[in-house]
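# Report on the structure
Each chain is listed here by its residues.
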Amino acid sequence: MKKPAVLAAAFAATLLAAPAFADDFPAAITVSGEATVSAAPDLAQIDAGVANDAKSAKEASDANNAAMGKVLLALKGAGIAEKDYQTSRLSLQPQYGQNKSTGASPVVGFRASNRVTVKIRDVTKVAGIIDTLVGAGANDIGNISFEVTQASKLLDDAREQAVADARRKAEIYAKATGITLGAPLSVSEAGAPVPLFKARMATAPMAAPAAVAPGEETLSVTVNVSWAIKQGQ
């Protein structure tokens, strides 16, 4: 990060030495500032599904529809709003065997599967919802992720800190190169992705209650700030 800032300072010095260009291209020094903030997640998302095998496609599909119906009823009974669960994958695939004498792979059955993505707006209920899903017949619990939904608001203090960090760096470069900072010319924010904690849950029914730890998320913000260099310094 230091190298681009030094180059920017050197470029600014070149502009100062060429006043014919100064009016069109103000001499400036540009640096990046960073800051972070930690917050507890307030939204969880999990994938759950059921898979059924049968000799015929209809048998597999009928069994799967009945199984998923129980899962959806369990979600509703657990207080999950209908808007917070959505089908994410539905499939019906032939299953192949092997004929040792001919080497052919005949169809020996069918597998039907159905998955839903569930949003849980109270992260303290995640473990209970997983247990409910498993108890209702879900035999494929997939990824779990946690999210801070108000990340942008929580980052407001970090944004101020990031600008202050950028100014601190700019002043260091200004002092090292013998120039004086002027007014800010531009401020831009780089992408600040919200990290997600993900874990793979067991795909078989669990004898003990699910153990889930939401933890804390560390949110980061990066800003790029350009300062004018005072003329005549």
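Residues numbered from 1 in each chain as written. Predicted model: local features only at pLDDT ≥ 70, side-chain atom pairs only at ≥ 80, totals over all residues. Heavy atoms only, no water.

Here we come to the overall build of the protein. When you go through the protein residue by residue, the secondary structure sums to six helices and eight strands. If you list the helices and strands of the protein from N to C, you get α-α-β-β-α-β-β-α-β-α-α-β-β-β. Per-residue burial for the protein yields a buried fraction of 35% across its 233 residues. Considering only contacts in the protein between residues 6 or more positions apart, those separated by 24 or more positions represent 81%. When the accessible surface of the protein is totalled, it reaches about 13,400 Å², and 55% of it is carbon and sulfur. (Helix = DSSP H or I, 4+ residues; strand = E, 2+ residues; numbered from the N terminus. Buried < 20%, exposed > 50% of the residue type's maximum accessible area, 1.4 Å probe, protein only. Contact = heavy atoms within 4.5 Å. Areas by Shrake-Rupley, 256 points an atom, 1.4 Å probe, with all protein chains shown as cover.)

Of all 12 residues in strand β2 (residues 43–54), nine are buried; the element is thus mostly enclosed. Alignment of β2 against strand β5 (residues 140–147), held across six bridges, turns out to be antiparallel. Within the sheet, the bridge partner assigned to L43 lies in β5 and is E147. Of the pairings in the sheet, the one linking β2 to strand β4 (residues 107–120) comprises 11 bridges and is antiparallel in character. Across the sheet, the residue bridging to I46 is V118, located in β4. (Pairing = 2+ DSSP bridges.)

So, on to the environment of G137. Residue position: G137 is located in the loop between α4 (126–135) and β5. Look at G137 and you get partly exposed, because its relative accessible area is 36%. In this structure the C-alpha to C-alpha distance between G137 and G49, which are 88 residues apart in sequence, comes to 8.7 Å. Those residues within four positions of G137 in sequence are excluded, and the remaining contacts are V50 and V71.

The next point concerns the environment of Q93. By the secondary structure assignment, Q93 is in strand β3 (residues 85–96). Those residues within four positions of Q93 in sequence are excluded, and the remaining contacts are G109, F110 and R111.

Further remarks concern the environment of E34. The topology assignment puts E34 in strand β1 (residues 28–39). Separated by 125 residues in the primary sequence, E34 and R159 have C-alpha atoms spaced 8.1 Å apart.

The next thing to look at is the pattern of salt bridges. Applying the stated criterion to the full structure yields nine salt bridges. In this structure, D62 engages K58 in a salt bridge whose closest nitrogen and oxygen atoms are separated by 2.7 Å. Separated by four residues within a single helix, D62 and K58 lie in helix α3 (residues 57–77), roughly one turn from each other. What makes D62 partly exposed here is its relative accessible area of 38%. Looking at K58, the relative accessible area reads 61%, which means it is exposed. Because the salt bridges share partners, they merge into one network encompassing D156, R159 and E189. (Salt bridge = Lys/Arg side-chain N within 4 Å of Asp/Glu carboxyl O.)

This paragraph deals with the confidence of the model for the protein. With 79% of its residues at a pLDDT of at least 70, the protein reaches an overall mean of 81. Mean pLDDT values over the elements of the protein span from 40, in helix α1 (residues 2–16), up to 96, in α3. Every residue in residues 1–22 scores below 50 in pLDDT, and together they form 22 contacts with partners more than four places removed in sequence or on other chains. The low-confidence segment residues 192–207 (pLDDT under 50) makes 41 contacts with residues lying over four places distant or belonging to another chain. (pLDDT = per-residue confidence, 0-100.)

Our next topic: the sheet that holds strand β6 (residues 181–189). Ordered in space as β1-β8-β6, the three strands form an open sheet in which the pairing is antiparallel. Each end of this open sheet is capped by a strand with a single partner; those strands are β1 and β6. Averaged over all pairs of adjacent strands, the angle between strand axes in this sheet comes to 30 degrees, irrespective of strand direction. One ladder, built from six bridges, connects β6 with strand β8 (residues 217–229); its direction is antiparallel. Considered in β8, the bridge of L181 is made with I229. (Axes fitted to C-alpha atoms, helices over the stretch in contact; angles between N-to-C directions.)

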